Structures are given as structure tokens and as C-alpha cells.
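# Report on the structure
So you can see what is in the structure, the chains are spelled out below.
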Amino acid sequence: MNNEVSKSYTLKLTLIATLGGLLFGYDTAVISGTVESLRHFFIEPMGLSLNEANAMEGFVISSALIGCIFGAAMAGWISQTFGRKKALFAAAILFLLAAVGSAWPEIGFRMPSAGDHSFVYHFVFYRIIGGIGVGIASMVSPMYIAEIAPPAKRGSLVGLNQFAIIFGMLVVYFVNYFIAKQGDTEWLHATGWRWMFASLAIPSVIFFLLLFIAPETPRWLVMKGRVAQAEGILTKLVGKSMAQQEIVEIQQSFDKEEKVSLKPYYRFMMTWLILFVVGIISLSLAGVSSALEISMIASFIIALYVPIKSYGFLIIITGVLLSAFQQFVGINVVLYYAPEIFKSMGSGTDSALLQTIIVGIINLSFTVLAIMTVDKFGRKPLLITGALVMAVSMLGLGTSFSQGLPGGLKLVFMLTYTAGFAMSWGPVCWVMLSEIFPNSVRSSVMSIAVAAQWVSNFLISWTFPIMDKNETLVSAFNHGFSYWVYGALAILAALFVWKRLPETKGKTLEDMEKLWKKN
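Residues numbered from 1 in each chain as written. Predicted model: local features only at pLDDT ≥ 70, side-chain atom pairs only at ≥ 80, totals over all residues. Heavy atoms only, no water.

Attention now moves to the overall build of the chain. When its secondary structure is counted, the chain shows 25 helices and 0 strands. Buried residues in the chain amount to 55% of all 519 residues. Excluding contacts between residues fewer than 6 apart, the proportion of contacts in the chain whose partners are at least 24 apart in sequence is 81%. Per element, the accessible surface of the chain, about 21,200 Å² overall, is 67% carbon and sulfur. (Helix = DSSP H or I, 4+ residues; strand = E, 2+ residues; numbered from the N terminus. Buried < 20%, exposed > 50% of the residue type's maximum accessible area, 1.4 Å probe, protein only. Contact = heavy atoms within 4.5 Å. Areas by Shrake-Rupley, 256 points an atom, 1.4 Å probe, with all protein chains shown as cover.)

Let us now look at the packing of helix 4 (residues 64-82) against helix 6 (residues 120-148). Between helix 4 and helix 6, whose axes approach to 6 Å, the crossing angle comes to 45°. Between helix 4 and helix 6, the interaxial angle falls into the category oblique. Regarding helix 4 and helix 6, the two cross each other, and that crossing is right-handed. Residues Ala64, Ile66, Gly67, Cys68, Gly71, Ala72, Met74, Ala75, Ile78 and Ser79 of helix 4 lie in contact with helix 6, whose contacting residues are Arg127, Ile128, Gly131, Ile132, Val134, Gly135, Ile136, Met139, Val140 and Met143. (Axes fitted to C-alpha atoms, helices over the stretch in contact; angles between N-to-C directions. Parallel < 35°, antiparallel > 145°, perpendicular 65-115°, else oblique. Left-handed = near helix turned anticlockwise from the far one by under 90°.)

Let us now look at the packing of aromatic side chains. For the structure shown, the criterion picks out 25 aromatic pairs. A ring pair is formed by Phe325 and Phe496, whose centres lie 5.6 Å apart and whose planes are at 35°; its orientation type is tilted. Taken together, the positions of Phe325 in helix 16 (residues 313-328) and Phe496 in helix 24 (residues 481-500) put the pair 171 residues apart, joining distant regions of the chain. Among the aromatic side chains, those forming a connected cluster through ring pairs are Phe41, Phe42, Phe123, Trp193 and Phe197. A cation over a ring is seen here: Lys499 above Trp498, with NZ or CZ 4.3 Å from the ring centre. (Phe/Tyr/Trp six-rings, centres within 6.5 Å; stacked < 30°, edge-to-face > 60°. Lys NZ or Arg CZ within 6 Å of the ring centre and 35° of its normal.)

It is worth spelling out the environment of Thr463 at this point. Assignment of secondary structure puts Thr463 in helix 22 (residues 442-468). Here the alpha-carbon distance between Thr463 and Ala55, two residues 408 residues apart in the chain, equals 7.9 Å. Within polar-contact distance, the side chain of Thr463 engages the backbone oxygen of Leu459 at 2.8 Å. (Polar contact = N/O pair within 3.5 Å; in protein donor to acceptor, adjacent residues only side chain to side chain.)

Once that is clear, we can look at helix 11 (residues 227-238). For helix 11, spanning 12 residues, the distance from its first C-alpha to its last is 16 Å, which sits close to the expected 16 Å at 1.5 Å a residue. Those residues of helix 11 lying buried are Ala230, Ile233, Leu234, Leu237 and Val238. Projected down its long axis, helix 11 carries its buried residues within an arc of 115°, all on one side. The outward face of helix 11, more than 90 degrees from its buried face, is lined by the exposed residues Ala228 and Lys236. (Expected span 1.5 Å × (residues − 1). Arc of directions from axis to C-beta.)

These figures capture arrangement, not role.
Given below as C-alpha cells:
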């Protein structure tokens, strides 16, 4: 009976923590139902040229990713200094602020009014606030679960966080569709988009309240010297005898770990920040309209010199490319711009949102398939197979647009692409990132890899509308060009996994250390 109580308690805490993952998915995908409305409400009244308007749209849509980058960077420091639970509290509060502020960016200045584009940068500010919450949750939610889960169940319980992310995306697809049905297109562009963002407040408040009944993780408590409190929590999680044994193991693990392992990462972040500030000031003074975007990406790439010097070229480039390819295959174009893609196929607003829900269901279903098969077939086979499926699907989708083929065929390519990603690069990339690095440098190198993932996400989300709405490219390829680019990158991703990525199935961390030393 005590064992059943422990399992129930562990599952309850896991489900609370996965709400951070659900909000991660919800916040990043809510934008998908508002893209056209944001263009009508904020961007068109500015009177910009077509290329300038496309660039501004890309910035507004991808602005939350700026917050994601810095949120992920700060998450390690926040969770280590104040605790995992307080970090999740911070994320919940940020999600709530983002929900209210994104819906009514005029708040505190004036009453909301239709077509007032002057508050576009207030909207961007609140999207960045939400992005910081996403960045924190993306690191701390799985960390919390791993630190409260028993070793035998840790993998499956942490896997629930990935499921929660996809589920959050699916939920918001339904919410966006329901809200869009409450009025006509004019109402959606003037008011409906606000309620899509405001809906994020409900799960945010639920997450915030449930965190009061969740304890701090035993690992963090031991790190802070609160061993008795940690043992009390562990007793609830695994029983008294196992708790005593695990306390000893946790203390030993801290004795063996390198306490300075994060210092190269902090130097990397400082270098990145300085280069970013210098870059954005210099480019702004030079009159470059995309100074922020160029500075963010270029400064990150240059700053990689610092960890490469500390850890070596191979280990850093492997982590960065593994994360980057997960984004370069174009998944967030599908997640963020799905309704707009379906509209370009000829669907109306309601139909486009409904088809987006189908994408979410496929994403969720094949994520479960990946979780069930990754330990059976191995990591590399799934990643290579998924990359090739995505390559064929994206090349086919681009050709369908270019040749004006029926919308039904485009939908098939879109769904096949989503299935290919969900069964491979979606969950398996995170599995690989958690396994591939030696224990002594895992936290540092994985932090850099996660930062690379958000930077890559930012790059793809920023450049998609520039490519997709460029008059020359549209005239020549009818919206097909960008999908060919993602298809080609998916082929490169398959080649990277085949040639450079080791298989981690069944290998211990000691095996991985020997592999890196050999190389």
C-alpha cells in the first residue's frame, strides 16, 4: 500500500510539473491562430513597403523567441539559486503577465481600440515576457520531474513533459478554432485575437495554484544542505529505506561533480551578451532594419568560440548541430504558421484552423509512438528515418505549391511531415541531448545546445515570412521555395546523424566519455 501511495504522489507531482510543459506548448502555438489578425491590426496601418512589412511580421511573430533564449539562459541560475519550485513559480507568473499583456497591450496607457498599431512594441514586450516563461519552463520542468522521479521510472515520467508540450499545442488549436467561430473575420481581426492570447491565463493560474502543494526537489535541498527536509520528501516518494539510500547517493554525486562546470557557460553568455549589444548598436546606427535579428544570431555563432576553446570543437558542434537541425527542418513554421499555410492552399479561416487541429492530433499521436519505440529501435534509426520522411514531405509540399497541385495533396504532405517529425526529431532529439555528453560537462554543453535550439527557432521563424512573401520568389515558385529549403536541410540532418552522431542506446555515461576521448 505504501508503494502505491508513493507512486500516486510521484505521479501527482509529475503532472503538476508537466503543466509547465503544457504552457510551453500553449504559449508558443497560440500565435498560430493570430498571424493574419496581427498583420491587419498592427502592421498594415504602419504603411510599410511589402518587404518591410514582411520583416516586421516575422519579428512580431518570432519576438517571443527572444525571451525563450534569455529565459533558458537564466533558468540555470534561477533554479540553482532559488530552487526548482520557485523557478516554476516565476514561469507561471510570467505566463500570466504575458496572457493579459499580449491580449491588451494598451493596458495601463489607454483603453483598447481597433487598429491602433502604436502599441505594437508593447505587444512585442509582453510576448518576450511570455518567451522568458517558456525558456524557464523548457529547462526546469523536466529537471524537476527527473529529480523527484524514482530511477526505474525516470525516463517515462520525464517523457510525459514532451507529451504535455504537444498536448498544450493541440489544446490551443482547439481554443483558437472555438474563438474564431464566435464572429466573422472582421471581428477576429479587431477583437478575437485578443481572446486567443487571454486564454493562456486560465492554465497559468491553475499551474500557479497547484505549485503550492508541490515540494522542492530533494536534490536541490541536499545541494543547499537541507538534508533532513530532503529525506522527508524522498520518504514520501520512494519509502523510508530507499530514501535513506538515495540521500547517500545524492550526497556522493555532489562530491564527485565539478562545481565549476558552469563557469565556461557563464563566460559564453557574457561574451554573447557583449557581442549582441555591440552588434545591435552598430547595425542600428548603420540603418540596418533587422539589426536585432542579425545581432542575435551572429553574436551567438561568434561566442561559440568560448565553449569550443574550453570543451573542444567536436563536442560543442555536435550538440549545437543536433539542436539546430531540429529547428532547421522547419517544424516551427508548421506549428506557428499552420493556419496561414492552409489559407495559402485556398482554405478559409475556420477551415484552416480546423486543419491545424488535425496537425496537432497527428503530432501528439506520433510523439507517443516515438516514446514507445525509442528504446527498442535505437535513436539513430528513428532520427534518420524521420529526417528522410520530412525531406520527401517538404520537397513534395514545395513542388505542390510551385505546380499548383490540389490542396488535398498539400495537406497529405503536411501531415506526413508532421508525423515524421513527431516520431523522431521532436522527442528523440531531447533524449539524445540528455545522453550524449559526458557527465562532467553535461549541464554546460546541454545549456549551450538548448540556447542554440532557441536561436535556430528564432532564425527560422524570422526568415519564413521573408521567403514566403517575397514577390520575386512567389512569382517564380508560388510559395514553394521555402519548403524546398527545409527539405534540403532535412537531408543534411539525416547525413549528420548517419556520419557524426553516435548511437546512445544501451550505453553508459562511461562509454560516452571513452567515445569523446577517442575522438
